[in-house]
Amino acid sequence: MNILIYFGNKINNNSRTEYFLNQLKLEIERKFINSNVHLVTPNNTKLNIVTNWMQLFDESSNDDADKLEKQILSADLLIIISPIFTAHISSYTKIFLDRYAHWVHTMPCIGKIGLPITISGSNSNDYGNEYLEKIMRYWGLVTMPPISIKLNGANSAAMDSLVRYITRQIERESNNHLSLYKSINNEIFEYNKRNLMEYPDSNIEKKLFFDKYPENTKNYMDILVSKIK
Ligand SMILES: Cc1cc2nc3c(=O)[nH]c(=O)nc-3n(C[C@H](O)[C@H](O)[C@H](O)COP(=O)(O)O)c2cc1C
């Protein structure tokens, strides 16, 4: 199984988040012996801030978006972890999501499972989780229930227990695409398909969508089933 973890902040040395991320990666690698786990953070991956839509399709951009795109598209499980800053996701997480903004129309991630996680001092995880889950669904993923981590009062034993809980959840759900499916997945798919059909054939997003999901594709579930066979 290929697992990509995007963490939306620079890692502060010796922080509880650093401890959590390292333990999570180790525990997943221990449980899933043949897995590849990539931990992507702003420390190892540069993504430009997007300021206009055409920038998304600029093949000469001087950042790591193309490389990361390939890593995401070859992952079976995508875990997005954001710290909660001022009651929402962090700026780095937003830069990451904006960098692939066209994916909310082209939905390249059908067949993958998403897991949203937020880390706060004590509050506002729900705002971040709801948003991360929404964007993951727009990208085409089915999602596992989001996880809220609250650091106030959490010692390393509590972090270890959380890591084991998350890894068990992954074990339980990593082949359960069909039970994670929600009708909203298909509603988003139908909405995008309808809209893109109205676009001129030269439109980049239209091409990207219909190259992957030809017009005679019935619905989201059909694609999902074909991807997980
Ligand atoms: C700018 C900033 C804003 C924050 N806002 C919140 C917040 O609204 N709610 C909350 O519970 N924690 C908040 N926190 C705490 C962080 O979520 C928490 O400290 C962080 O996820 C832990 O990072 P670390 O382990 O790297 O120190 C904030 C932290 C910073 C730096």
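Reading the values: the criteria
- Residues numbered from 1 in each chain as written.
- Predicted model: local features only at pLDDT ≥ 70, side-chain atom pairs only at ≥ 80, totals over all residues.
- Buried ≥ 20, exposed ≤ 12 C-beta atoms within 10 Å, placed from the backbone.
- Helix = DSSP H or I, 4+ residues; strand = E, 2+ residues; numbered from the N terminus.
- Pairing = 2+ DSSP bridges.
- Axes fitted to C-alpha atoms, helices over the stretch in contact; angles between N-to-C directions.
- Parallel < 35°, antiparallel > 145°, perpendicular 65-115°, else oblique.
- Left-handed = near helix turned anticlockwise from the far one by under 90°.
- Contact = placed C-beta atoms within 7 Å.
- Near = placed C-beta within 6 Å.
- Nonpolar A, V, L, I, M, F, W, Y, C, P; charged D, E, K, R; others polar.

**Student:** Would you mind going over the pairing of strand β5 (residues 113–120) with me for this structure?
**Tutor:** Look at any regular strand and the pattern is simple: side chains alternate between the two faces of the sheet. Within β5, eight of the eight residues are buried, which leaves the element mostly enclosed by the surrounding structure. Across the two faces of β5 the burial is the same, with Ile 113, Leu 115, Ile 117 and Ile 119 and Gly 114, Pro 116, Thr 118 and Ser 120 all buried. Here strand β3 (residues 77–85) pairs with β5 via seven bridges, running parallel. Each residue of the ladder has a partner; that of Ile 81, found in β5, is Ile 117. Where β5 meets strand β6 (residues 142–143), two bridges bridge the pair, whose relative direction is parallel. Within β6, the residue paired with Gly 114 across the bridge is Thr 143. Where β5 meets strand β7 (residues 147–150), four bridges bridge the pair, whose relative direction is parallel. Paired with Ile 119 across the bridge in β7 is Ile 149.

**Student:** Help me understand the packing of helix α1 (residues 16–31) against helix α6 (residues 156–173), please; the structure alone is not making it clear to me.
**Tutor:** The description of two packed helices rests on the angle between their axes and on the distance between the axes. At a minimum axis distance of 9 Å, the contact between α1 and α6 shows a crossing angle of 40°. Considering the angle they form, α1 stands oblique to α6. Where α1 crosses over α6, the handedness of that crossing is right-handed. Across the interface between the two elements, Arg 16, Tyr 19, Phe 20, Gln 23, Leu 24, Glu 27, Ile 28 and Lys 31 of α1 pack against Ser 156, Met 159, Asp 160, Val 163, Arg 164, Ile 166, Thr 167, Ile 170 and Glu 171 of α6.

**Student:** Help me out: how do you make sense of the site of the ligand in this one?
**Tutor:** Around the ligand, the structure places 16 residues, and the nearest of them are Ser 15, Thr 17, Pro 83, Ser 120 and Gly 121. When contributions to the shell around the ligand are tallied by element, the ones reaching two or more residues are α1, β3 and β5. If you tally residues by element for the shell around the ligand, the top one is β3, at three residues. Here the shell around the ligand is built from residues that sort into six nonpolar, nine polar and one charged.

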